[in-house]
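Inside the fold
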Amino acid sequence: MPALNVEFSDRELEDLRQIAKERGTSMKALVREAAAADIARHRALQEGAEAFRRFFASHADEFAAAFPDDEPPTRGEGRAA
């Protein structure tokens, strides 16, 4: 399995040691679990954002009617150059 060397400050390393000890796990397992959780969170946020974009796009006319002041000006509208 590929590996990654990660540098920590002395304080961070001591904190990791303490947390791992409290949880009864290794520092390696603790860091891997944290990274895996962040990856899962990132994927979930991406999926949520994509679902929102699809929903918004499929209801664009409804949003435009409900919030006309938030619509961008169309060509020919707005300030003159």
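Right above here is the structure, for reference.
Overview of the structure. Note that this is a predicted model, so its numbers are computed, not measured.

**What about the overall build of the protein?**
Tallying secondary structure elements over the protein gives 3 helices and 0 strands in all. The helix and strand sequence of the protein, counted from the amino end, reads α-α-α. A globule of 81 residues ought to have a C-alpha radius of gyration of about 12 Å, yet the protein, at 24 Å, is considerably larger. Along the first, second and third principal axes, the C-alpha set of the protein runs to 65 × 30 × 25 Å. Residues classed as buried in the protein amount to 4% of the 81 residues present. Here the protein has roughly 7,700 Å² of accessible surface; of this, 55% comes from carbon and sulfur atoms. Computing the positive centroid from 12 side-chain charges and the negative centroid from 16, the protein places the two 8 Å apart.

**Considerations on the packing of aromatic side chains**
Working definition: an aromatic ring pair is given by the centre-to-centre distance plus the angle between the planes. As enumerated under the stated definition, the model contains 4 aromatic pairs in all. With centroids separated by 6.2 Å and ring planes inclined at 80 degrees, the aromatic side chains of Phe55 and Phe63 adopt a geometry described as edge-to-face. Here Phe55 falls in the partly exposed class, since its relative accessible area comes to 44%. Its relative accessible area of 23% is what places Phe63 among the partly exposed residues. Among the aromatic residues, ring-to-ring pairing joins Phe52, Phe55, Phe56, Phe63 and Phe67 into one connected group.

Calculation notes
Residues numbered from 1 in each chain as written. Predicted model: local features only at pLDDT ≥ 70, side-chain atom pairs only at ≥ 80, totals over all residues. Heavy atoms only, no water. Helix = DSSP H or I, 4+ residues; strand = E, 2+ residues; numbered from the N terminus. Rg over C-alpha atoms; globule rule 2.2 N^0.38 Å. Buried < 20%, exposed > 50% of the residue type's maximum accessible area, 1.4 Å probe, protein only. Areas by Shrake-Rupley, 256 points an atom, 1.4 Å probe, with all protein chains shown as cover. Lys, Arg positive; Asp, Glu negative; His and termini not counted. Charge placed at Lys NZ, Arg CZ, Asp CG, Glu CD. Phe/Tyr/Trp six-rings, centres within 6.5 Å; stacked < 30°, edge-to-face > 60°.

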